[in-house]
Amino acid sequence: MSKKGVCHSKRLPNHQQLFLHLSCRLKSSMSEELLQRVRDLEGEVDRLKAQLQDKVKEGAEDVNIDIDDMKGNSQTNAGVKKKGKRGSQERPFDFSAHPRRHVALRLAYLGWAYQGFAVQENTENTVEARLFEALLKTRLIQDRQSSNYHRCGRTDKGVSAFSQVISIDLRSTQFCGGVGVTLPANVDVDVKNKVDSAELPYVKMLNRVLPQDIRILEWSPAVDGFSARFDCQSRTYRYYFPRGALDVALMKEAAKRYEGTHDFRNLCKMDVGNGVLQFQRTILSATVQPVHQNHLPTDTDPYDLFMFEIKGLAFLYHQVRCMMAVLLLIGQKLEAPEIIDTLLDVEKNPRKPQYSMAVDFPLVLFDCHFEGLSWRSETEESNHALATFQQHWTQAAVKTQVLHGMIRGLKNTGGTSSPDCCLMEGTRQRTYRPLLERPCCESLESRIEHFVKRGRLEREEGENGGETVHKGKRSKQSHNASSLSVLPDVSTPV
């Protein structure tokens, strides 16, 4: 055999090398018939090899199929076992077998990432939506409609709260009764008279499923009929701002003019379409003060922080942000403090001048005051909430110092700070136009007529010949049949 043939045979598989070698040997010594027999044997070997490979493939597929079947069966069996194990949980929860308890919940939330507190039709990104998801997930309520729910305040997009309060009926363990407890029907006497058991840990249950920027702080039993909306004695808001170039002393003097009972139609957004037709509100106190009371700020440091704190019985739509916007104009000495008295005089000025509100993120619903509630907290949950807010503060404080360092660096290179206030919505005009020289919004009477024509409001003749305006059939809230001409809205966004 040639050298080329040998080299070629080395590249072949062992069995083919063997037959090739035999063929070469037999070519010289065997007859043609024997050579043909060898070729037949080679073909038979190749055929058997092909069959063997097919069998191996089929066997592998069968093995794979068997393994998959085993996995499927094991998963099915596990699923059956799991389903059987928790079958009682997957059955509809029988709320009728449990007592219900009317309670108040106090919660805090950072509103910057949400589109407001109240549920809205066009977005699910609200604090209230997250809250009801948690209430349903923990099976503390069956649904919102039957939960007897009321909220104290309805904060707007970007607004936070430290003391938002809601009232609601929750599932309870108190078969022996108690404040706000309603027992299920047909309760056995033995069950009713059994020893008191601990109430459900409402704070812990809800905080385990709520986002970290929404925390339940406390809960309190509440008597039947208690409403977080209508039984609130006062609401306190805080709006934080830096001194900047503002005349804080002038703002402090002007804020006092808000106190008392006034018609605030020129210092809010008139929500006539939802039946808010009465704009008198009582402000118990309005102050401008340093954030850190134990630290006396200088008269020149633009980074000293202050807050506008306002306490009232109820507030109108965007009222606090409109009031703050006017104070900022006064602090910039673009308006005199007397402008507040002028805007509150609705007989001389029945129409609101067009102006931008203060921005949303510095505003906080800081306190809602109630009488007769006995708040209950859980130490572990209070510590966890404190740690959560400390983490948020740490991040914000560090970012503040990073920015402060950059600002100082730019000033050292000759940069000049802008005196403009950054807390007003919209863009600042180059030439300021006084409020009383600006175009005005529609009057209250014009807005009422507009919504009467659209069917959102209806006019009726009163008992003494006067006229009363009600929500119309086309109103989204037409289920409220009471007269709205005297009903104050105490839960609108501010």
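Basis of the calculations
Residues numbered from 1 in each chain as written. Predicted model: local features only at pLDDT ≥ 70, side-chain atom pairs only at ≥ 80, totals over all residues. Heavy atoms only, no water. UniProt positions renumbered as here; feature names shortened; annotations may be inferred. Helix = DSSP H or I, 4+ residues; strand = E, 2+ residues; numbered from the N terminus. Buried < 20%, exposed > 50% of the residue type's maximum accessible area, 1.4 Å probe, protein only. Contact = heavy atoms within 4.5 Å. Areas by Shrake-Rupley, 256 points an atom, 1.4 Å probe, with all protein chains shown as cover. Expected span 1.5 Å × (residues − 1). Phe/Tyr/Trp six-rings, centres within 6.5 Å; stacked < 30°, edge-to-face > 60°. Lys NZ or Arg CZ within 6 Å of the ring centre and 35° of its normal. Polar contact = N/O pair within 3.5 Å; in protein donor to acceptor, adjacent residues only side chain to side chain. Core = buried A, V, L, I, M, F, W, Y, C linked by side-chain atoms within 4.5 Å. Salt bridge = Lys/Arg side-chain N within 4 Å of Asp/Glu carboxyl O. pLDDT = per-residue confidence, 0-100. Pairing = 2+ DSSP bridges.

For the chain, an unreviewed UniProt entry supplies the name Pseudouridine synthase I TruA alpha/beta domain-containing protein and the organism Esox lucius. For the chain, the Sequence similarities (unreviewed entry) comment in UniProt is given as "Belongs to the tRNA pseudouridine synthase TruA family."

So, about the overall build of the chain. The helix and strand tally for the chain stands at twelve helices and twelve strands. Residues classed as buried in the chain amount to 39% of the 494 residues present. For the chain, contacts bridging at least 24 residues in sequence account for 75% of all contacts bridging at least 6. When the accessible surface of the chain is split by element, carbon and sulfur atoms take 52% of a total near 28,800 Å².

Three or four residues apart is the spacing at which side chains of an α-helix point the same way, because the helix has 3.6 residues per turn. The end-to-end C-alpha separation of helix H9 (residues 319-331) is 18 Å, in line with the 18 Å expected for 13 residues at 1.5 Å each. Taken across its 13 residues, H9 has 13 buried, putting it largely inside the fold. Just downstream of H9 lies Lys-333, where phi reads positive at about 60 degrees.

Before going further, it helps to spend a moment on the packing of aromatic side chains. Evaluated as defined, the whole model comprises nine aromatic pairs. Geometrically, the ring pair formed by Tyr-258 and Phe-308 is tilted, given 6.3 Å between the ring centres and 50 degrees between the ring planes. A residue pair is termed long-range when its members are at least 10 positions apart, and Tyr-258 in the loop between helix H8 (248-255) and strand S7 (260-263) and Phe-308 in strand S9 (residues 305-312) qualify at 50 residues. With respect to burial, Tyr-258 and Phe-308 carry one shared label: buried. Directly above the ring of Phe-162 sits Arg-106, whose terminal nitrogen or CZ lies 5.3 Å from the centroid. Here the guanidinium or amino end of Arg-238 rests over the ring plane of Phe-366, the centre of that ring lying 3.7 Å away.

Next up on the list: unusual backbone geometry. The backbone phi angle of Arg-139 is positive, close to 55 degrees, even though this residue is not glycine. You can see Arg-139 is positioned in the loop between helix H5 (127-137) and strand S2 (150-151). By relative accessible area, which is 33% here, Arg-139 ends up partly exposed. Positive phi, normally seen in glycine, also occurs at Lys-333, with a value near 60 degrees. The residue Lys-333 is located in the loop between H9 and helix H10 (338-344) in this model.

You can see Arg-151 is positioned in strand S2. A polar side-chain atom of Arg-151 sits 2.8 Å from a polar atom in the side chain of Glu-128.

Ranked by internal contacts, the top residues of the largest apolar core, which has 92 residues, are Tyr-258, Phe-308 and Leu-327. Per element, the largest residue contribution to this core is ten residues, and it comes from H9.

All told, the structure shown has 19 salt bridges when counted by the stated rule. The partner of Glu-199 in a salt bridge is Arg-101, with the nearest N and O atoms 2.9 Å apart. A residue pair is termed long-range when its members are at least 10 positions apart, and Glu-199 in the loop between helix H6 (189-192) and helix H7 (202-207) and Arg-101 in strand S1 (residues 100-109) qualify at 98 residues. Note on accessibility: Glu-199 and Arg-101 belong to one class, buried. As a salt-bridge pair, Glu-128 and Arg-151 come within 2.8 Å of each other at their nearest N and O atoms. With Glu-128 in helix H5 and Arg-151 in strand S2, the pair connects residues that are 23 residues apart, well separated along the chain. Residue classification places Arg-151 among the buried positions, given a relative accessible area of 18%. Through salt bridges with shared partners, a single ionic network connects Glu-253, Arg-257, Glu-338 and Asp-341.

Take the confidence of the model for the chain next. Taken residue by residue, the chain gives an average pLDDT of 83. The fraction at 70 or more is 76%. Here residues 60-83 is modelled with pLDDT under 50, and outside its nearest four sequence neighbours on either side it reaches one contact, counting other chains as well. Low pLDDT (under 50) marks residues 475-489, which in the prediction has 29 contacts with non-local residues, meaning those over four places away or in another chain.

We now examine the pairing of strand S8 (residues 280-290). Pairing between S7 and S8: four bridges, direction antiparallel. When the bridges of S8 are listed, His-262 appears paired with Arg-281. Inspection of the sheet shows S8 paired to S9 by seven bridges, in the antiparallel sense. Bridged to Pro-290 within S9 is Phe-306.

Over its 34 residues, helix H11 (residues 379-412) extends 48 Å from the first C-alpha to the last, a length consistent with the 50 Å expected when each residue adds 1.5 Å. Within H11 the residues assigned to the buried category are Glu-381, Ala-385, Thr-388 and His-404. Summarising the contacts, the buried residues of H11 are in contact with H7 and strand S5 (214-221). Just beyond H11, the residue with positive phi is Gly-414, at close to 105 degrees.

The subject of this paragraph is the environment of Leu-329. Along the chain, the position of Leu-329 falls in helix H9. When its relative accessible area of 6% is taken as the criterion, Leu-329 is described as buried. It is 9.7 Å that separates the C-alpha atoms of Leu-329 and Pro-434, two residues lying 105 residues apart in sequence. Not counting residues within four places of it along the chain, the set of residues in contact with Leu-329 comprises Leu-334, Glu-335, Met-424, Tyr-432 and Leu-435.

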